[in-house]
Amino acid sequence: MQYEAFNQGQCTILQIKEDRFDAKLAPSFRAVIEEKVNEIDTQLVLDLTDVRFMDSSGLGAVMGAYKLLKGKKISVVNPQRAVKELLKLTRMDKLIASYDSIEDAVSTVA
């Protein structure tokens, strides 16, 4: 999986640099989250700007991260229309907040 990760305040930003978040990408995403779980302070922000498609495997990987990060917040930034619709259809938008920019997501951490 191609990605960039950096910290901004109490947030860990994970920019996914892939076009598709599917069964091929999900295992490497899980591995990255497991590797970084102890580095994530308060919130994990997934920047999905480049992701044009997400299937159930991608959604499952994000939910796996949600469960792994118990007690910490997870949010997505700039989900494309198809991804936003998948989150809404599965009601995951109730658990994982969506923001237009990294700055908006980071500003929610008090």
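Residues numbered from 1 in each chain as written. Predicted model: local features only at pLDDT ≥ 70, side-chain atom pairs only at ≥ 80, totals over all residues. Heavy atoms only, no water.

## Description of the UniProt feature "domain: STAS" (unreviewed entry) in the chain
In this numbering, the UniProt entry assigns the feature "domain: STAS" (unreviewed entry) to residues 26-109. In residues 26-109, the share of helix is 45% and the share of strand is 18%. The end C-alpha atoms are 27 Å apart. (UniProt positions renumbered as here; feature names shortened; annotations may be inferred. Helix = DSSP H or I, 4+ residues; strand = E, 2+ residues; numbered from the N terminus.)

## Considering helix α1 (residues 26-36)
Along an α-helix, a turn takes 3.6 residues, which lines up residues three or four apart on a common side. For α1, every residue scored as buried is listed here: Ala26, Phe29, Val32, Ile33 and Lys36. Each buried residue of α1 lies within a common arc of 120° when the element is viewed along its axis, so the set occupies one face. Of the residues in α1, the exposed ones pointing more than 90 degrees away from the buried face are Glu34 and Glu35. Lining the buried residues of α1 we find β1 (3-8), β2 (11-16), β3 (20-21), β4 (43-47) and α2 (56-68). (Buried < 20%, exposed > 50% of the residue type's maximum accessible area, 1.4 Å probe, protein only. Arc of directions from axis to C-beta. Contact = heavy atoms within 4.5 Å.)

## Some remarks on the sheet that holds β4
Strand order in this open sheet of five strands is β1-β2-β4-β6-β7, and the pairing throughout is mixed. In this open sheet, the two edge strands, each paired with only one partner strand, are β1 and β7 (97-99). The average angle at which neighbouring strand axes cross in this sheet is 25°, direction not considered. Note that β1 and β2 share six bridges and pair antiparallel. Bridge pairing in β2 places Glu4 opposite Gln15. (Pairing = 2+ DSSP bridges. Axes fitted to C-alpha atoms, helices over the stretch in contact; angles between N-to-C directions.)

## Focus: α2
Given a rise of 1.5 Å per residue, 13 residues ought to cover 18 Å, and the 18 Å separating the end C-alpha atoms of α2 matches this to within 8%. Those residues of α2 that sit buried are Gly58, Leu59, Ala61, Val62, Met63 and Ala65. Packed against the buried residues of α2 are β3, α1, β4, β5 (53-54), β6 (73-77) and α3 (81-89). One side-chain oxygen of the residue at the start of α2 lies 2.9 Å from the amide nitrogen of Ser57, identifying that residue as Asp55. (Expected span 1.5 Å × (residues − 1). Polar contact = N/O pair within 3.5 Å; in protein donor to acceptor, adjacent residues only side chain to side chain.)

## Notes on the packing of α1 against α2
To characterise two packed helices, one gives the angle between the axes of the helices and the distance between these axes. Their axes nearest at 9 Å, the elements α1 and α2 cross at an angle of 15°. Taken together, the axes of α1 and α2 lie roughly parallel to each other. Crossing geometry of α1 relative to α2 is assigned as right-handed. Where α1 abuts α2, its residues Ala26, Phe29, Arg30, Ile33 and Glu34 lie against Ser57, Gly60, Ala61, Val62, Ala65 and Leu68. Grouping the amino acids of the contact of α1 with α2 by side-chain chemistry returns seven nonpolar, two polar and two charged. (Parallel < 35°, antiparallel > 145°, perpendicular 65-115°, else oblique. Left-handed = near helix turned anticlockwise from the far one by under 90°. Nonpolar A, V, L, I, M, F, W, Y, C, P; charged D, E, K, R; others polar.)

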